[in-house]
Amino acid sequence: MNQPLPHNEHTTMAVLPIGHADEAILRAVNRFNYMTATQVGRLLYPGARDENRYVQRRLRRLAEANYLLRLRELPTPRIGSAPHVFTLADGGRRYLSSRGVVLTSPYYRPSEERQKAVDNPFMEHTLAAVDVLVAAETLCRDYLVAMPCLLTERQLKRMNVRVQPAGRPAASLTAVIPDAWLVLTAGAQDPVCIALELDRGTEGQQHWRRKVAALVAWAEGPYRETFHADNLTVAVVVPTTARRTQLSEWTHDELGAIDRSELADVFLFTEASPVATDPFEFFFSPLWHAASPGDLVSILDAPPVTTVQVPVAEADIPQAPGDLPGETDEEEEEEEPVTQDDEEEFPWTLSEGEEVQY
């Protein structure tokens, strides 16, 4: 179990006052593990029209005060500047622990975090998963939708769940680690449990079909007991229509080969971008294809008609460049947007007797 970190009054926390806006950023980074300025802006300041300059300044101040760790830039895009990626640093971890927030990562080693950032495929994959999670969080903010549980890939790796892939008696045990697992509840509807898979178009047919067989064994075996859930949707987000068709066919073929064709509707595929698509459309519109032939479906049914107006504190609305304490126009630097990510192995395990709850 995560234990609150000791609160040291002599840390940089005493130097930088943390207001509501800063705390919201720290909580978001803790929840998703890694974020760019663009993702923070999309989540916390959707109405801002300043190209994320306000968010960039806040992130820079939090990094300079050791509340956040600013990792190396991602590869420079064709248009714009390379975005930085941020994760919680010692100051942010201590601050959130002192506020009773459970940290999603049990330990922090700056050298390890910097090493992960050097792995571009890992970081691009990870941030692509965060894009979907930010869309889900935004949906919950704007509509009568709740997300009572969210586990990131980092947390799922700690569970170390291994299964014998279904229909493959000669195969070795395989670790099942979705890119995220979340529960969404729309209004009074039953909870929908989602295992998120981000595809970057790099896996071949053999690897993907083995993953499908492992997910089937996971769903039929340890899944219910581990997550206390009675339903599962494997939501696969792909980069192109061609890739979506390819993965859907491979999944259909593998389910037939292992005599599990009845699970075809569990696997849903979309090429819709979680960034370019409105969150309501992403989850409630028929943008998803099942592994079996048929009409398009949505992840969530019966969209709620009532929106929730979330008040924004006046102090949190981006204003002039000098709206942050001690800041002037001359100090402003621009560290631009973007999004992307990936993965890797972590030596974390759950404490004895620890269970997933939501």
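Please refer to the structure placed before this passage.
Here's what I pulled together on the structure shown here. Note that the structure is predicted; figures quoted are calculated from it, not measured.

## Comments concerning the pattern of salt bridges
Okay, so step 1: As enumerated under the stated definition, the model contains 19 salt bridges in all.
Okay, so step 2: Across the salt bridge formed by Arg60 and Glu64, the nearest N and O atoms sit 3.8 Å from each other. Of this pair, Arg60 and Glu64 both sit in helix α3 (residues 53–64), separated by four residues, roughly a single helical turn.
Okay, so step 3: Where Glu197 meets Lys211, a salt bridge forms, and the shortest distance between an N and an O atom there is 3.3 Å. On the criterion of sequence distance, the pair formed by Glu197 in strand β7 (residues 192–198) and Lys211 in helix α8 (residues 205–220) is long-range, its members being 14 residues apart.
Okay, so step 4: According to the relative accessible area criterion, Glu197 is buried, its value standing at 5%.
Okay, so step 5: If you follow the salt bridges from partner to partner, you end up with Glu23, Arg27 and Arg99 in one network.

## Description of the environment of Arg209
Okay, so step 1: The topology assignment puts Arg209 in helix α8.
Okay, so step 2: Placed 44 residues apart in sequence, Arg209 and Pro165 show a C-alpha to C-alpha distance of 9.8 Å.
Okay, so step 3: In contact with Arg209, other than residues within four places in its own chain, are Arg168, Trp250, Asp253, Glu254 and Ala257.

## Description of the nonpolar core
Okay, so step 1: Formed by 59 residues in total, the largest nonpolar core has its most connected members in Met35, Leu68, Leu184, Phe283 and Ile299.
Okay, so step 2: Broken down by element, the residue count for this core peaks at ten residues, all from helix α6 (residues 120–142).
Okay, so step 3: Among the nonpolar cores identified, the runner-up in size contains 35 residues, and Val216, Trp218, Val234 and Leu255 belong to it.

## What about the packing of aromatic side chains?
Okay, so step 1: In total, this model carries twelve aromatic pairs according to the counting rule given.
Okay, so step 2: On the numbers, 4.9 Å between centres and 65° between planes, the contact of Trp218 with Tyr223 is edge-to-face. Each member of the pair, Trp218 together with Tyr223, is buried.
Okay, so step 3: The interplanar angle of 35° and the centroid separation of 4.8 Å between the aromatic rings of Phe280 and Phe284 together place this pair among those described as tilted. Of this pair, Phe280 and Phe284 are both found in helix α11 (residues 279–284), four residues apart, which corresponds to roughly one turn of the helix.

## Re empty space enclosed by the protein
Here the idea is plain: a probe the size of a water molecule rolls over the atoms and shows the empty space left.
Okay, so step 1: Scanning all chains against the criterion turns up four cavities of 30 Å³ or more.
Okay, so step 2: Its boundaries defined by the atoms lining it, the second largest cavity holds a volume of some 90 Å³.
Okay, so step 3: Thr87, Leu88, Arg93, Ser105 and Arg154 are the residues nearest the centre of the second largest cavity, which is lined by 13 residues in total.
Okay, so step 4: Within the residue set of the lining of the second largest cavity, elements represented by two or more residues are α1 (20–32) and β2 (84–88).
Okay, so step 5: Looking at side-chain class alone, the lining of the second largest cavity contains five nonpolar, five polar and three charged residues.

## Notes on the packing of α1 against helix α2 (residues 37–44)
Okay, so step 1: In contact at an axis separation of 11 Å, α1 and α2 are set at 115° when each is read in the N-to-C sense. Overall, the two elements α1 and α2 adopt an arrangement that is roughly perpendicular. Crossing handedness for the pair α1 and α2: right-handed. On α2, the residues that touch Ala24, Ile25, Ala28 and Phe32 of α1 are Val40, Leu43 and Leu44.
Okay, so step 2: Looking at the contact of α1 with α2 residue by residue, the classes come out as seven nonpolar, no polar and no charged.

## Topic: the sheet that holds strand β10 (residues 289–290)
Okay, so step 1: Read across the sheet, six strands follow the order β3-β6-β7-β8-β9-β10 without closing on themselves; strand pairing throughout is mixed. Sheet topology places β3 (145–152) and β10 at the edges, where each strand pairs with a single neighbour.
Okay, so step 2: Of the pairings in the sheet, the one linking β7 to strand β8 (residues 233–237) comprises five bridges and is parallel in character. Directly across from Ile194, in β8, lies its bridge partner Thr233.
Okay, so step 3: Contacts from α6 reach β3, β6 (180–186), β7 and β8 within the one sheet, and its direction differs from that of β3 by about 160°.
Okay, so step 4: Across the sheet, α8 lies against β7, β8 and β9 (267–270), angled at about 135° from β9, the strand it touches most.

## Some details on helix α5 (residues 110–118)
Owing to its 3.6 residues per turn, the α-helix brings residues three or four apart onto one side.
Okay, so step 1: All of the buried residues along α5 are Glu113, Lys116 and Ala117. Summarising the axial view, the buried residues of α5 lie within an arc of 100°, below the 170-degree limit, and thus occupy one face. The outward face of α5, more than 90 degrees from its buried face, is lined by the exposed residues Ser111 and Gln115.

## Concerning the pairing of β6
Okay, so step 1: Burial runs high along β6: seven of the seven residues are buried.
Okay, so step 2: Alignment of β3 against β6, held across six bridges, turns out to be antiparallel. Across the sheet, the residue bridging to Leu150 is Leu182, located in β6.
Okay, so step 3: Strand direction decides the pairing type here: β6 and β7, joined by five bridges, are antiparallel. Bridge pairing in β7 links Leu184 to Val192.
Okay, so step 4: Counting the residues in the hairpin turn of β6 and β7 gives five residues, including Gly187, whose phi is positive at 55°.

Parameters at a glance
- Residues numbered from 1 in each chain as written.
- Predicted model: local features only at pLDDT ≥ 70, side-chain atom pairs only at ≥ 80, totals over all residues.
- Heavy atoms only, no water.
- Salt bridge = Lys/Arg side-chain N within 4 Å of Asp/Glu carboxyl O.
- Helix = DSSP H or I, 4+ residues; strand = E, 2+ residues; numbered from the N terminus.
- Buried < 20%, exposed > 50% of the residue type's maximum accessible area, 1.4 Å probe, protein only.
- Contact = heavy atoms within 4.5 Å.
- Core = buried A, V, L, I, M, F, W, Y, C linked by side-chain atoms within 4.5 Å.
- Phe/Tyr/Trp six-rings, centres within 6.5 Å; stacked < 30°, edge-to-face > 60°.
- 1 Å grid on protein atoms, 1.4 Å probe; cavity = no way out; pocket = protein on both sides within 12 Å on 5 of 7 lines; lining within 4 Å.
- Points joined across faces, edges and corners; volume = space filled by probe spheres on them.
- Nonpolar A, V, L, I, M, F, W, Y, C, P; charged D, E, K, R; others polar.
- Axes fitted to C-alpha atoms, helices over the stretch in contact; angles between N-to-C directions.
- Parallel < 35°, antiparallel > 145°, perpendicular 65-115°, else oblique.
- Left-handed = near helix turned anticlockwise from the far one by under 90°.
- Pairing = 2+ DSSP bridges.
- Arc of directions from axis to C-beta.

Geometry only, nothing functional implied.
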